[in-house]
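# Topology and contacts: notes
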Amino acid sequence: MKSLPLAALALFLLTGAAYAQALDPSGTYLSESGETRVRIAKCGQVYCGTIISIQGDAKDVNNPDANLRGRSLVGVQMISNIQPSGNGFTGQLYNYKDGKIYTGKMTFEGKSMQLSGCVLGGLICRSQTWAKLN
């Protein structure tokens, strides 16, 4: 009889560890197009995603701030304020291709991240699947 409570406790602890791991989006991700690599890591109390490599024109030419258009995209925080929400995360997504910031949602399954950026209060959304590299 004593083994049943111990087995239940062990199962609870294992489930809790798996759940905590699922709530950690940390890692390096490759965009759906294969041209951008973003590293997601802790930034204080939340997570953020920083561009670590990019193919092609690596300048922030579409930034609405003319003073930032000459900066390298490598090192730019593309995803900010990533926080747990429901069965995934929410945050802000900077799309360097149009220079706009979108409300974002992220969910994780296996070795992939489903990333959705929305405008107009979530009326118009676009999604991509990014591959987790590590």
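Definitions and cut-offs
Residues numbered from 1 in each chain as written. Predicted model: local features only at pLDDT ≥ 70, side-chain atom pairs only at ≥ 80, totals over all residues. Heavy atoms only, no water. Phe/Tyr/Trp six-rings, centres within 6.5 Å; stacked < 30°, edge-to-face > 60°. Helix = DSSP H or I, 4+ residues; strand = E, 2+ residues; numbered from the N terminus. Buried < 20%, exposed > 50% of the residue type's maximum accessible area, 1.4 Å probe, protein only. Salt bridge = Lys/Arg side-chain N within 4 Å of Asp/Glu carboxyl O. Pairing = 2+ DSSP bridges.

### Details of the packing of aromatic side chains
Applying the stated criterion across every chain, the model contains 3 aromatic pairs. Consider the rings of Tyr29 and Phe108, whose centres lie 5.9 Å apart with planes at 55°: the pair is tilted. Of this pair, Tyr29 sits in strand β1 (residues 27-30) while Phe108 sits in strand β6 (residues 100-109), and the two are 79 residues apart along the sequence. Taking the centre distance of 5.6 Å and the plane angle of 85° together, the rings of Phe89 and Phe108 count as edge-to-face. With a gap of 19 residues between them, Phe89 in strand β5 (residues 88-95) and Phe108 in strand β6 connect regions that are remote in the sequence. For Phe89, a relative accessible area of 2% corresponds to the buried category. Aromatic ring contacts, followed pair by pair, group Tyr29, Tyr47, Phe89 and Phe108 into a single cluster.

### Topic: the pattern of salt bridges
Summed over the entire model, instances satisfying the criterion amount to 2 salt bridges. One salt bridge in this structure joins Asp60 and Arg71, with 2.9 Å as the shortest N-O distance. Of this pair, Asp60 sits in the loop between β3 (46-54) and β4 (77-85) while Arg71 sits in the loop between β3 and β4, and the two are 11 residues apart along the sequence. A relative accessible area of 31% means that Arg71 is categorised as partly exposed.

### Focus on the pairing of strand β8 (residues 124-132)
Consecutive residues of a regular strand have side chains that alternate between opposite faces of the sheet. By the bridge criterion, 2 bridges tie β1 to β8 in an arrangement that is antiparallel. By the bridge assignment for β8, Leu30 is matched with Ala131.

### With respect to the pairing of strand β2 (residues 36-43)
Looking at chain direction, β1 and β2 are connected through 4 bridges and run antiparallel. By the bridge assignment, Tyr29 is partnered in β2 with Val38. Where β1 folds back on β2, the antiparallel hairpin that results is connected by 5 residues, among which Gly34 adopts a positive phi of roughly 80°. Examined bridge by bridge, β2 and β3 share 8 bridges and lie antiparallel to one another. Paired with Ile40 across the bridge in β3 is Gly49.

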